[in-house]
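# Fold and geometry: a report
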Amino acid sequence: MNALVTGGSGFIGTWVLRELIRRGLRPVAFDVKPNPARWQSVLGVDANQVSFVEGRLTDFGHLRDVMARFDVTHLIHLAALLTPACQADPLEGCRVNVLGTTALFELSRLGPRRLEGLSYASS
């Protein structure tokens, strides 16, 4: 089973990756940038079991391609802009938090394959 974790470089995302590895899933982290120091601290040598894909939630085509390339069976959506970033740029906050989440929900509904599980942590 392959789990795509949006926000996989974040604090909660990194701990989710650790749990997925512990359970024998193959995690794919999708985020705007990697955080190797955090992964090394939390995942240690298991960090090499995580595939990292750089990208933005608002890039629907790229998300679709990633889900197909890694044959994603489970989606864990944790990516979002937090309040300070949303206050600084409300339109970007809306694009990422609302439109990006909507894109993920559409991908989970339309394919490239039917997901076996979806988890969403609202910001």
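Cut-offs and rules
Residues numbered from 1 in each chain as written. Predicted model: local features only at pLDDT ≥ 70, side-chain atom pairs only at ≥ 80, totals over all residues. Heavy atoms only, no water. Salt bridge = Lys/Arg side-chain N within 4 Å of Asp/Glu carboxyl O. Helix = DSSP H or I, 4+ residues; strand = E, 2+ residues; numbered from the N terminus. Buried < 20%, exposed > 50% of the residue type's maximum accessible area, 1.4 Å probe, protein only. Pairing = 2+ DSSP bridges. Axes fitted to C-alpha atoms, helices over the stretch in contact; angles between N-to-C directions. Contact = heavy atoms within 4.5 Å.

A word on the pattern of salt bridges. Two side chains carrying opposite charge are able to pair once their charged atoms lie near each other. Here the structure, examined in full by the defined rule, presents 7 salt bridges. Arg 56 is paired through a salt bridge with Glu 92; the nearest N and O atoms lie 2.2 Å apart. With Arg 56 in the loop between strand S3 (51–54) and helix H3 (60–69) and Glu 92 in helix H5 (residues 90–110), the pair connects residues that are 36 residues apart, well separated along the chain. Residue classification places Glu 92 among the buried residues on the basis of a relative accessible area of 17%. The residue Asp 71 makes a salt bridge to Arg 113 at a minimum N-O spacing of 2.9 Å. Taken together, the positions of Asp 71 in the loop between H3 and strand S4 (74–77) and Arg 113 in the loop between H5 and strand S5 (117–120) put the pair 42 residues apart, joining distant regions of the chain. Take Asp 71: its relative accessible area is 38%, and that puts it in the partly exposed class. Through salt bridges with shared partners, a single network forms among Glu 19, Arg 22 and Arg 23.

So, about the sheet that holds S4. Reading across the sheet, the 5 strands line up as S3-S2-S1-S4-S5 and stay open at both edges, with parallel pairing between neighbours. Unpaired on one side and paired on the other, S3 and S5 mark the two borders of the sheet. Averaged over all neighbouring strand pairs, the angle between strand axes comes to 15 degrees, with direction disregarded. In this structure, strand S1 (residues 2–6) lies alongside S4, joined through 4 bridges in parallel fashion. For Val 5, the partnering residue across the bridge sits in S4 and is Ile 76. Its contacts with the sheet put helix H1 (residues 11–22) on S1, strand S2 (26–31) and S4, and the angle it makes with S1 is roughly 170 degrees. Against the sheet, H3 contacts S1, S2 and S3, and its axis sits at roughly 165 degrees relative to S3.

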